Amino acid sequence: MTDSISRLEAALANIGDVDAPAGWEARVIAAIDAADDAARPAAPRPDPPRPDHGDAEPGPRRLLPRPRRLSLALGVLGAMAAAAMIAVGIGGRLWPRESRLEIEVSWQPIGPPVRGSAVRTGDVARVAATGGGRYRALWVYRNERELVAVCPGGMQCLPSPDATVAQLTLELRGQYTFVAVASASPVPAPRGPLDADLAAGNLTTQVVRLDVE
Amino acid sequence: MEPTDLPLPGVGQCTLEVTAKPDDPDRDIIELIVTGDQGAALRLLMKRHGRGVYRYCREALRDPTLAEDVQQQVFIEAHRDLLTFAGRSTVRTWLFAIARHRVLDAAKSRRRADAHIEDNAAADAQDPTPLPDDRIDDAQVSFALVGCVGKLSERSRTAVLLRYQQGFTFEEMAEICGERAGTLQARVMRALPILRACIEKRTGGRL
């Protein structure tokens, strides 16, 4: 008993042992600068603006204005694409021709089988994407709105040398949509809902849906 | 540390009443605030506690993207409120109190209808299925634990993460959560066997 609790405590100490996404500090500073910039012209000159330490409303959910990030990203991507085209022209393909994007979903029932329900809450699903373009990702949604897993980078991702693999517990009822995404350029980060994420880039996709009861 | 008057860039002349506990490891951050270097204070705060806050947000919310947003909100708010930090707790405790509030706000906004395993704790614990002799390996424990922690109630999850993932004492947790230390300790002690039963049930092994 004590030993098992000790193991549990040790595992809890290491839970989610990951670094914050790269560049987050810069985004915080940029958001603060942007808020300062926005506040300055609005403030009447005679009284300098003072910080509000009272019941201030929380800031907007997006902390860095989209247009600036987008234009920067497009600029960088454009430069990378141009460089890649030149390199391909000179020395042939930069990477081997990719095979077809494929997705495979399996699940492990947790409880005893119940007639008439294939997948139940609590079952563990494993999804693997193989092939595709230069960049590949896995997105999992519940009811096409709630983003529940993203690979690579998410906590449900499993290491694999030749596939993008996620394993997750299907915790709630609903329809789960597993999407394998491939692209010749970096895949944009999904935020949900599914439609909006699929519209965000020139992506090749394979989709599998599971109804969880 | 005595209250002091210092001009802050972008703020104008204002009275600062920031103080730090004498034994606060982050006392140097407060000293930077007092000397007017709010930017350096923020950078140091992010360097020391950014990872911890992100880990907490990520496990509490079970959504890496949302956790990143909340982490940023926490430090933006901390940057704003450091000017009035009164030293009633350590900087880290104060920072995690902000994080806890923002996580609760984010979870509320998300309006996720979550099922809590505590409701079925007895059923989990009394599973008559005999367990195999093999003990679950560490990787299985870690994997199952993420799902099991996610199924705890919001309050239990917060208490467990603050206690074990972040290593706070129950007294510090009381400051963060605004509850009694004994209440939080009892909550954590109740959660542990539930987590163990959940892990064993999910893996079919013995912890």
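Residues take numbers from 1 onward in each chain, read along the sequence in its written order. Throughout, the order in which chains and ligands are written sets their labels, letters from A for the former and numbers from 1 for the latter. Side-chain atom pairs in this predicted model are given and counted only at pLDDT of 80 or more, local residue features only at pLDDT of at least 70, and totals for whole chains, interfaces and linings cover all residues.

*Asks:* Any chance you could explain helix H3 (residues 64-81) of chain B here in plain terms?
*Replies:* Residues that lie three or four places apart on an α-helix share one face, since the helix turns once every 3.6 residues. Numbered from the N terminus, helices here are DSSP runs of H or I no shorter than four residues, and strands are runs of E no shorter than two. One less than the residue count of a helix, multiplied by 1.5 Å, gives the span that helix is expected to have. The end-to-end C-alpha distance of H3 of chain B, which contains 18 residues, comes to 25 Å, matching closely the 26 Å that a straight helix rising 1.5 Å per residue would cover. Along H3 of chain B, 14 of the 18 residues are buried, which leaves the element largely enclosed by surrounding structure. Three exposure classes are used, based on other C-beta atoms lying within 10 Å of a residue's own C-beta, which is placed from the backbone: buried for 20 or more, exposed for 12 or fewer, and partly exposed in between.

*Asks:* For this particular structure, what's the right way to read the packing of helix H8 (residues 170-177) of chain B against helix H9 (residues 181-203) of chain B?
*Replies:* Think of two packed helices as two axes; the pair is described by the angle between the axes and how far apart they sit. All names here are of chain B. Two numbers describe how H8 lies on H9: the axes approach to 8 Å, and their chain directions differ by 105 degrees. By the criterion of interaxial angle, the relationship of H8 to H9 is roughly perpendicular. The residues of H9 that touch H8, namely those facing Phe-170, Glu-171, Met-173, Ala-174 and Cys-177, are Ala-181, Leu-184 and Gln-185. Any residue outside Ala, Val, Leu, Ile, Met, Phe, Trp, Tyr, Cys, Pro, Asp, Glu, Lys and Arg is labelled polar, Gly included; the first ten of those are nonpolar and the last four are charged. Residues belonging to the contact of H8 with H9 are distributed by class as follows: six nonpolar, one polar and one charged. Axis lines are fitted to C-alpha atoms, over the contacting stretch for helices. Their N-to-C directions set the angle, which ranges from 0 to 180 degrees. Here the angle decides the label: under 35 degrees means roughly parallel, over 145 means roughly antiparallel, 65 to 115 means roughly perpendicular, and every other value means oblique. Any pair of residues counts as being in contact when their C-beta atoms, constructed from backbone geometry, are within 7 Å of one another.

*Asks:* It is not clear to me how the sheet that holds strand E3 (residues 135-142) of chain A should be interpreted in this structure. Could you clarify?
*Replies:* Sheet strands pair via backbone hydrogen bonds, and the direction of the pair is either parallel or antiparallel. All names here are of chain A. Pairing is antiparallel in the open sheet, where four strands are placed in the order E4-E3-E7-E8. If you trace the sheet from one side to the other, it starts and ends with strand E4 (146-151) and strand E8 (204-212), each paired once. Recorded for the sheet is a direction-independent mean angle of 20 degrees between the axes of neighbouring strands. Strands qualify as paired when DSSP identifies two bridges or more between them.

*Asks:* Teacher, can you tell me more about the interface of chain B and chain A here?
*Replies:* Note: interface size is frequently given as the accessible area lost on complex formation between the parts. Counting residues at the interface gives 43 residues for chain B, matched by 41 residues for chain A. Mapped onto the side of chain B that touches chain A, the elements with two or more residues apiece are strand E2 (12-16), helix H2 (38-61), H3, helix H6 (138-150), helix H7 (154-165) and H9 of chain B. At 12 residues, H3 of chain B tops the list of elements feeding residues into the side of chain B that touches chain A. Taken together, the residues that form the side of chain B that touches chain A break down as 18 nonpolar, 13 polar and 12 charged.

*Asks:* Help me understand the nonpolar core in this model?
*Replies:* If you look at soluble globular proteins, the nonpolar side chains tend to sit buried side by side. Within the largest apolar cluster, 66 residues are counted, with the highest numbers of intra-cluster contacts made by Cys-57, Leu-61, Leu-145, Val-160, Leu-195 and Ile-199 of chain B. Here the element with the most residues in this core is H2 of chain B; it accounts for 10 residues. Leave out the neighbours within four places in its chain, and Ile-199 of chain B touches Ile-136, Val-141, Ala-144, Leu-145, Cys-148 and Leu-207 of chain B. With 29 residues, the next largest nonpolar core counts Val-127, Ala-149, Val-150 and Ala-166 of chain A among its residues. Here, a nonpolar core denotes buried Ala, Val, Leu, Ile, Met, Phe, Trp, Tyr and Cys residues that are linked to one another through C-beta atoms within 7 Å.

*Asks:* Just to check I follow, could you spell out H2 of chain B for this structure?
*Replies:* All names here are of chain B. Given a rise of 1.5 Å per residue, 24 residues ought to cover 34 Å, yet the end C-alpha atoms of H2 are separated by just 29 Å, more than 12% below that figure. Two axes define the bend at a residue: one fitted to the seven residues ending there, one fitted to the seven starting there, and the bend is the angle between them. A maximum bend of about 55 degrees is found in H2 at His-49. A positive phi of about 55 degrees marks Arg-62, the residue just after H2.

*Asks:* When you look at unusual backbone geometry in this model, what are you seeing that I'm missing?
*Replies:* Most peptide bonds take the trans configuration, and most residues that are not glycine carry a negative phi. The peptide bond linking Cys-151 of chain A to Pro-152 of chain A adopts the cis configuration, its omega dihedral lying at 0 degrees. On the secondary structure map, Pro-152 of chain A appears in the loop between E4 and strand E5 (157-158). Omega for the peptide link from Gly-192 of chain A to Pro-193 of chain A comes to -5 degrees, which places this bond in the cis form. Mapped onto the secondary structure, Pro-193 of chain A falls in the loop between strand E7 (174-183) and helix H4 (194-198). Even without being glycine, Glu-144 of chain A reaches a positive phi, approximately 60 degrees. By the element assignment, Glu-144 of chain A lies in the loop between E3 and E4. Residue class for Glu-144 of chain A comes out partly exposed when judged on the 17 C-beta atoms lying within 10 Å of it. For Arg-62 of chain B, which is not glycine, the phi torsion reads 55 degrees and is therefore positive. Position of Arg-62 of chain B among the secondary structure elements: in the loop between H2 and H3.

These figures capture arrangement, not role.
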